[in-house]
Amino acid sequence: MTFDCFALLMTESSYIQRIRALCNLAEPDLDGALALAKEATAACPRSAHLHCVLGDLLQLAGDDSDALEDSLASYTRALEVDPEFSDAFSSIGYFHDVVMGDLAAAESAFRAALRAGPHEEAIVGLARVLTQLGHPRHEVAALLDSAIDPMSARVNQIRAEINDGEWDPFRG
């Protein structure tokens, strides 16, 4: 039996707000946030955002291959619900970059996120991956300059990391 979350007392935004609160505690309650995210996706199965949040939490909490597979499955479910949900593509990109070390798959996912619409995290993630792949810094800088807010804190952070050589290939 599936539920439409708008027919329940908790809405998608209510779930997200409660999950964020659990994650933003002085000592984050990831187990509680994960349990709530699972409840939320059961209550709101047509919420791409909640499936993506569940994937992110599974990735954070996952220290076994099942949790990581479930994380990727959650992102895939988000895209089944909304094939243009750029956050899911970005999360897949970070998954392939950080967890799997598959830069080609990460690049592909970040580019898909950008095709779905302008998205700062996709630009930042793609810049990071392109740097790791050895692309010229001026090309990466041009990508960062294309962000909606090229002077945002997140864009400036990755710019500084790239300039400091943090994402250079073979850094070591």
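Residues numbered from 1 in each chain as written. Predicted model: local features only at pLDDT ≥ 70, side-chain atom pairs only at ≥ 80, totals over all residues. Heavy atoms only, no water.

**Some details on the overall build of the protein chain**
- Within the protein chain one finds nine helices and zero strands.
- In sequence order, the protein chain lays out its α and β elements as α-α-α-α-α-α-α-α-α.
- With 172 residues in all, the protein chain has 45% of them scored as buried.
- Within the structure as shown, the protein chain displays about 9,300 Å² of accessible surface, and the carbon and sulfur contribution to it stands at 54%.
- Where the 12 positive side-chain charges of the protein chain centre and where its 28 negative ones centre are 4 Å apart. (Helix = DSSP H or I, 4+ residues; strand = E, 2+ residues; numbered from the N terminus. Buried < 20%, exposed > 50% of the residue type's maximum accessible area, 1.4 Å probe, protein only. Areas by Shrake-Rupley, 256 points an atom, 1.4 Å probe, with all protein chains shown as cover. Lys, Arg positive; Asp, Glu negative; His and termini not counted. Charge placed at Lys NZ, Arg CZ, Asp CG, Glu CD.)

**A look at helix α1 (residues 12-23)**
- If you check α1, its first and last C-alpha atoms are 17 Å apart, about what 12 residues at 1.5 Å a residue would give, namely 16 Å.
- Those residues of α1 that fall on the buried side of the exposure criterion are Tyr-15, Ile-16 and Ile-19. Down the axis of α1, the smallest arc covering the buried residues is 95°, so these residues share one side.
- Those residues of α1 hidden inside the fold are in contact with α2 (30-43) and α3 (48-61). (Expected span 1.5 Å × (residues − 1). Arc of directions from axis to C-beta. Contact = heavy atoms within 4.5 Å.)

**Regarding the layout of surface pockets**
- Quantified by volume, the largest pocket comes out at close to 510 Å³.
- Elements represented by at least two residues in the lining of the largest pocket include exactly α1, α3 and α5 (86-100).
- Top contributing element to the lining of the largest pocket by residue count: α3, with seven residues.
- For the lining of the largest pocket, the residue count by class is nine nonpolar, five polar and four charged. (1 Å grid on protein atoms, 1.4 Å probe; cavity = no way out; pocket = protein on both sides within 12 Å on 5 of 7 lines; lining within 4 Å. Points joined across faces, edges and corners; volume = space filled by probe spheres on them. Nonpolar A, V, L, I, M, F, W, Y, C, P; charged D, E, K, R; others polar.)

**Digging into the environment of Asp-82**
- Along the chain, the position of Asp-82 falls in the loop between α4 (65-81) and α5.
- Residue classification places Asp-82 among the partly exposed positions, given a relative accessible area of 30%.
- Taking the C-alpha atoms as reference points, Asp-82 and Arg-46, separated by 36 residues in sequence, lie 8.5 Å from one another.

**Some remarks on a negative patch on the surface**
- On the surface, Asp-64, Asp-66, Glu-69 and Asp-70 cluster together into a negatively charged patch.
- With respect to the helices and strands, Asp-64 occurs in the loop between α3 and α4.
- Look at Asp-64 and you get partly exposed, because its relative accessible area is 38%. (Patch = residues over 30% accessible without salt bridge, like charges linked within 9 Å, V, L, I, M, F, W, Y side chains within 5 Å. Salt bridge = Lys/Arg side-chain N within 4 Å of Asp/Glu carboxyl O.)

**Some remarks on the packing of aromatic side chains**
- In the structure shown here, the tally under the stated rule is one aromatic pair.
- Ring geometry for Tyr-94 versus Phe-110: centroids 4.9 Å apart, planes at 80°, classification edge-to-face. Placement of the pair is Tyr-94 in helix α5 and Phe-110 in helix α6 (residues 103-116), with a sequence separation of 16 residues. Assigned by exposure class, Tyr-94 and Phe-110 land together as buried. (Phe/Tyr/Trp six-rings, centres within 6.5 Å; stacked < 30°, edge-to-face > 60°.)

**Overview of the side chain of Ser-71**
- Within the secondary structure layout, Ser-71 lies in helix α4.
- Once residues lying within four places of it in the same chain are set aside, the contact partners of Ser-71 are Gly-55, Leu-58, Gln-59 and Phe-95.

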